[in-house]
Amino acid sequence: GKSMSGIGEHVAQDRGSRSVTWMVQCYTLSDIFDNYWLIEKPYKDVFIKIDVESYECKLIPSFYDWLRNETYLPKMFISFHPQIAVCTDEEYRGVLTFFKLYDHVRFGDKEEFDVQNATAEDFKAKVSARKNIDNSVVAYQRHHAEKLPGAQQG
C-alpha cells in the first residue's frame, strides 16, 4: 500500500489550541504474545514486521530487556524512516545494542551489516545513507539462515 511516511508533517506539529489528542490503550509485544496470542517461548519461528513511521529508534531499544536472555529470537523486519524524525545518538546506541543480540542483520534485500563489530555511528551512517532506497532491516539468527533466500550462513 501507500506509505504514510509523510504523515509526520501533518501530525507531528504543535497546533496550540487546535491540537487533538487521543487516549489509547497500549500493550507490549510480550504482553500480547503471552496473554492474547498465546505465543510461547522459544520464539524460534516467530516473525515480527515493524513499520512505525519514524518511531523505530524509540521502540526497538525497548525490546532488549524483553529478549536479551532468550536463546531463540524472533525474526525481525523493521522499516526505518530517518527522513521523518531524526534518531538521537543515544537511540541509535539502543537500537544497535538490541541488534547485537542477533547473528545477522541485513539492510535491504541482501546487504549484510557487520553488527557485532559496528558502532552506533556506523549504524547511523548506514541508515542515513539509505534514505531514498529500501531502508528495511532484517535481523535473524543462524538457525533462520537456511530459510532466507540469499542469506549467508555462518
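As a reminder, the structure under discussion sits directly above these lines.
Residues numbered from 1 in each chain as written. Predicted model: local features only at pLDDT ≥ 70, side-chain atom pairs only at ≥ 80, totals over all residues. Heavy atoms only, no water.

## Here we look at the packing of aromatic side chains
Moving on, step 1. On inspection of all chains with the given rule, the structure shows 15 aromatic pairs.
Moving on, step 2. Ring centres of Tyr92 and Phe123 lie 6.1 Å apart, and the angle between their planes is 65°; this geometry places the pair in the edge-to-face category. Here Tyr92, found in helix H5 (residues 89-99), pairs with Phe123, found in helix H6 (residues 120-129); they are 31 residues apart in sequence, far enough to count as distant.
Moving on, step 3. On the accessibility criterion, Tyr92 (2% relative accessible area) is buried.
Moving on, step 4. When the centroid spacing of 5.6 Å and the interplanar angle of 70° are considered together, the rings of Phe98 and Tyr102 count as edge-to-face. Taken individually, Phe98 and Tyr102 each receive the classification buried, so the pair is uniform in this respect. (Phe/Tyr/Trp six-rings, centres within 6.5 Å; stacked < 30°, edge-to-face > 60°. Helix = DSSP H or I, 4+ residues; strand = E, 2+ residues; numbered from the N terminus. Buried < 20%, exposed > 50% of the residue type's maximum accessible area, 1.4 Å probe, protein only.)

## As for the sheet that holds strand E2 (residues 75-79)
Moving on, step 1. One open sheet accounts for five strands, arranged E1-E2-E5-E3-E4; its pairing is mixed. One side of each edge strand has no neighbouring strand; the edge strands of this open sheet are strand E1 (47-50) and strand E4 (111-113). Neighbour-to-neighbour, the strand axes of this sheet turn through a mean angle of 20°, independent of strand direction. (Pairing = 2+ DSSP bridges. Axes fitted to C-alpha atoms, helices over the stretch in contact; angles between N-to-C directions.)

## Here we look at the state of the cysteines
Moving on, step 1. Under the counting rule described, the total for this entry stands at one disulfide.
Moving on, step 2. Disulfide pairing places Cys57 opposite Cys87 at an S-S distance of 2.0 Å. What sets the handedness of the Cys57 and Cys87 disulfide is the S-S torsion sign, and at about 85° it is right-handed. Remark: Cys87 occurs in the loop between E2 and H5 and Cys57 occurs in helix H3 (residues 56-59); sequence separation between them is 30 residues.
Moving on, step 3. Judged by relative accessible area, Cys57 falls into the buried class, the value being 2%.
Moving on, step 4. Using a relative accessible area of 7% as the deciding quantity, one classes Cys87 as buried. (Disulfide = S-S within 2.5 Å.)

## Some points on the pattern of salt bridges
Moving on, step 1. Counted under the stated rule, the structure contains six salt bridges.
Moving on, step 2. Arg68 is paired through a salt bridge with Asp65; the nearest N and O atoms lie 3.3 Å apart.
Moving on, step 3. Judged by relative accessible area, which is 42%, Arg68 ranks as partly exposed.
Moving on, step 4. Asp103 is paired through a salt bridge with Arg142; the nearest N and O atoms lie 3.1 Å apart. Taken together, the residues Asp103 in the loop between H5 and strand E3 (104-107) and Arg142 in helix H7 (residues 142-145) connect sequence positions 39 residues apart. (Salt bridge = Lys/Arg side-chain N within 4 Å of Asp/Glu carboxyl O.)

## Side note on the pairing of E2
Taken residue by residue, a regular strand's side chains alternate between the two faces of the sheet.
Moving on, step 1. With respect to burial, E2 is a largely interior element, four of its five residues being buried.
Moving on, step 2. Looking at chain direction, E1 and E2 are connected through four bridges and run parallel. Directly across from Ile48, in E2, lies its bridge partner Met76.
Moving on, step 3. Looking at chain direction, E2 and strand E5 (residues 136-140) are connected through four bridges and run antiparallel. Bridge pairing in E5 places Met76 opposite Ala139.

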